[in-house]
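# Structural overview
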Amino acid sequence: MKMNMTTRSLLGISLLALFATTAQAAEKVTLKLAHNLERSHVVHQAFEQMAKEVKQLSDGKMTIRIYPSSQMGSARETMELLQNGALDMTKGSASDLESFDNTYAIYNLPYLFKDQKHFDNVVFGNVGKEIMASSKDKGFFALSAYVAGTRSFYAKKAITKPEDLKGQKIRVQASPTTLKMVELMGGSPTPISFGEVYTAMQQGVVDGAENNVPSWVQTRHIEIAKVYSEDEHASIPDFLVISTKTWDKLTPEQQQILSKAATDSEAWQQKAWANVEAETRAQAKAMGGTFVTVDKAPFRAAVQPLYDDFNKDPKQAALLAKFEQAAE
Ligand code: GCU
C-alpha cells in the first residue's frame, strides 16, 4: 500500500501519542494490599505510613490502596488471591505462611527466642532476610517484617500448667506447628481465621485462644475470655508479602521506592508496638481482665518433641542452628 506524505505523518503522530500514553501508564501504578487486621492495629498503621512514603517518593505516581479488616477475605484467602494474580500484597503472620512455604514453620516453634534482642537479631538480620526471600519461586516473598509481641493463652479460667488445657478447645492459626504445640501441651487445637474468633468464643465453639495482649484487647476477645495466662509460648512475626509477578512488573526505581518505604515502616512499627503493648495492658485491667503469672518450664518440656522432629530434617536443622548462633 502506498502512503502519501499526510497519511505517513498522521500515522507517525498517532504512534508517538500511543508510546507517550504507554510510557505514562507504565510510570503510574496502583498496588492493592488487603489484610485481616483492624484499622486500629499498629501493623495496619505501619502500612499507611508506607503508602504515604511511597506516594511522596514517587511524586504521586505510585499508589498503595489498602483494604483492611478481612474485606478481601481471611489471611489464607488473601494469600490465595495473591498467588492467583488477583492481589498484589497482603500481610501474613509466619503461622499463615507456613502452609504456603514450609521455611516459615521455624517461627512457629514455641520458646524459640531467648529474649527480644535474639528475636530482633534473627528477624531483622541475615537469616530473617534469607527466609523472607525463600519463597520467590512459589510466587511471593516478604518485603518487611513486624514484631508481634509474645503469645499466651487466654480463656475464662487460668491456664497455669499443661493439665489445665485438658479438654479445652483452643483457637489457633492455621499452622501445623502450632496445632501440634497445643496437642503436645494437652489441649484441643481448633484452627479458625482471625476475624471469626470472637463469634466462635461467644458461641462456645472454642474455650479459649492464644495471642499477644494488643490482639486480645483490640479484638474484644477479652470481653469473653478474661484471664490471660502468661506462658509466653511464642513470638511470631508478621510480614508484608508481595506477589513475585507484581514485583517483576515494577521498574527498578519503583522497586527501590517500595523497598525503602517498607523497610522504613518496620522501624516505625517497632516503636509504636512498645506503646500499644503498654496501653493495651492498662486497658485490659480497666476492662476487668486479669493477668496470671505462669511457670513456663512444664510447657517448655511438653513441646520438646517438636524440636526433635525439626532436627530430623537437615535443612530445618541448619536453619535452627543459624537461629541459635544469632542469640550470641
Ligand atoms: C496476631 C498477628 C496477626 C494474626 C493474629 C492471629 O495478632 O499480629 O497477624 O493474624 O495474631 O492470631 O490470627
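Only a predicted model underlies this, so the values are computations on that prediction, with no experimental measurement involved.

### With respect to the overall build of the protein chain
For the protein chain, the count of helices and strands is 14 helices and eleven strands. Viewed in the frame of its principal axes, the protein chain has a C-alpha envelope of about 90 × 45 × 35 Å. Burial analysis of the protein chain (328 residues in total) assigns 51% to the buried set. Look at the contacts in the protein chain between residues 6 or more apart in sequence, and 75% of them connect residues 24 or more apart. Accessible surface, the protein chain: about 15500 Å² in total, of which carbon and sulfur atoms supply 54%. On the protein chain, the mean spot of the 37 positive side-chain charges and the mean spot of the 38 negative ones are 5 Å from each other.

### Examining the sheet that holds strand E1 (residues 29-34)
Taken together, the five strands give an open sheet; going across it, the order is E2-E1-E3-E10-E4, and neighbouring strands pair in mixed fashion. What marks the edges here is a single partner per strand, and that holds for strand E2 (62-67) and strand E4 (140-146). Pairwise comparison of adjacent strand axes, ignoring direction, gives a mean angle of 30 degrees for this sheet. Sheet contacts for helix H6 (residues 126-133): E4 and strand E10 (238-243); angle to E4, the most-contacted strand, approximately 145 degrees.

### Concerning the packing of helix H2 (residues 42-57) against helix H11 (residues 252-286)
Running from N to C, H2 and H11 cross one another at 145 degrees; their axes reach a closest spacing of 8 Å. Considering only the axes of H2 and H11, their crossing is right-handed. Contact with H2, carried on its side by Val 42, Val 43, Gln 45, Ala 46, Gln 49, Met 50, Glu 53, Val 54 and Leu 57, involves Ile 257, Leu 258, Lys 260, Ala 261, Ala 262, Asp 264, Ser 265, Trp 268, Gln 269, Ala 272, Trp 273 and Val 276 of H11 and no other residues of that element. Within the contact of H2 with H11, the residues separate by chemical class into 14 nonpolar, four polar and three charged.

### Here we look at the packing of aromatic side chains
Taken as a whole and judged by the stated rule, the model has 13 aromatic pairs. Where Tyr 107 meets Phe 323, the ring centres are 5.6 Å apart and the plane angle is 55 degrees; that geometry is what we call tilted. With Tyr 107 in the loop between helix H4 (94-97) and helix H5 (116-123) and Phe 323 in helix H14 (residues 314-325), this pair connects stretches of sequence that are 216 residues apart. Looking at Tyr 107, the relative accessible area reads 0%, which means it is buried. Looking at Phe 323, the relative accessible area reads 1%, which means it is buried. Ring geometry for Phe 113 versus Phe 323: centroids 6.1 Å apart, planes at 20 degrees, classification stacked. Residue Phe 113 is located in the loop between H4 and H5, and its partner Phe 323 is located in helix H14; the two are separated by 210 residues in the primary sequence. Grouped by ring-pair contacts, the aromatic residues Tyr 104, Tyr 107, Phe 113, Phe 119, Phe 239 and Phe 323 constitute a single cluster. A cation over a ring is seen here: Arg 220 above Tyr 198, with NZ or CZ 5.0 Å from the ring centre. Arg 281 extends its terminal NZ or CZ atom over the ring of Phe 291, reaching a point 4.2 Å from the ring centre.

Conventions we followed
- In this numbering scheme, every chain counts its residues from 1 along its sequence in written order.
- The model is predicted, so local features are restricted to residues of pLDDT at least 70 and side-chain atom pairs to those at 80 or more, both for listing and for counting; the totals for chains, interfaces and linings are taken over all residues.
- With hydrogens and water stripped out, all remaining heavy atoms of the structure feed into the side-chain values.
- The helix and strand labels rest on DSSP assignments: H or I over at least four residues marks a helix, E over at least two residues marks a strand, and numbering proceeds from the N terminus.
- Summary of the burial criterion: residues with accessible area below 20% of their type's maximum are buried, those above 50% are exposed, and those between are partly exposed, where the area comes from a 1.4 Å probe applied to protein chains only.
- Pairs of residues are marked as contacts when any of their non-hydrogen atoms sit within 4.5 Å.
- Using the Shrake-Rupley algorithm and a 1.4 Å probe, accessible areas are obtained, with residue cover drawn only from the displayed protein chains.
- The charge count treats Lys and Arg as positive and Asp and Glu as negative. His and the chain ends do not count.
- Charge placement uses NZ in Lys and CZ in Arg. For Asp and Glu, CG and CD serve respectively.
- Pairing between strands requires that DSSP locate at least two bridges from one strand to the other.
- Working convention: axes come from line fits to C-alpha atoms, limited for helices to the stretch in contact. Angles between N-to-C directions cover 0 to 180 degrees.
- Rotating anticlockwise by less than a right angle from the far helix to the near helix defines a left-handed crossing, while the corresponding clockwise rotation defines a right-handed one.
- Polarity classes work like this: nonpolar for Ala, Val, Leu, Ile, Met, Phe, Trp, Tyr, Cys and Pro, charged for Asp, Glu, Lys and Arg, and polar for all others, with Gly in that last group.
- Here the aromatic set is Phe, Tyr and Trp, taking the six-membered ring for Trp, and pairing holds for ring centres within 6.5 Å; pairs whose planes are under 30 degrees apart are stacked, those over 60 apart are edge-to-face, and all others are tilted.
- Only when the NZ atom of a Lys or the CZ atom of an Arg is both within 6 Å of the ring centre and within 35 degrees of the ring normal do we say a charge sits over the ring.

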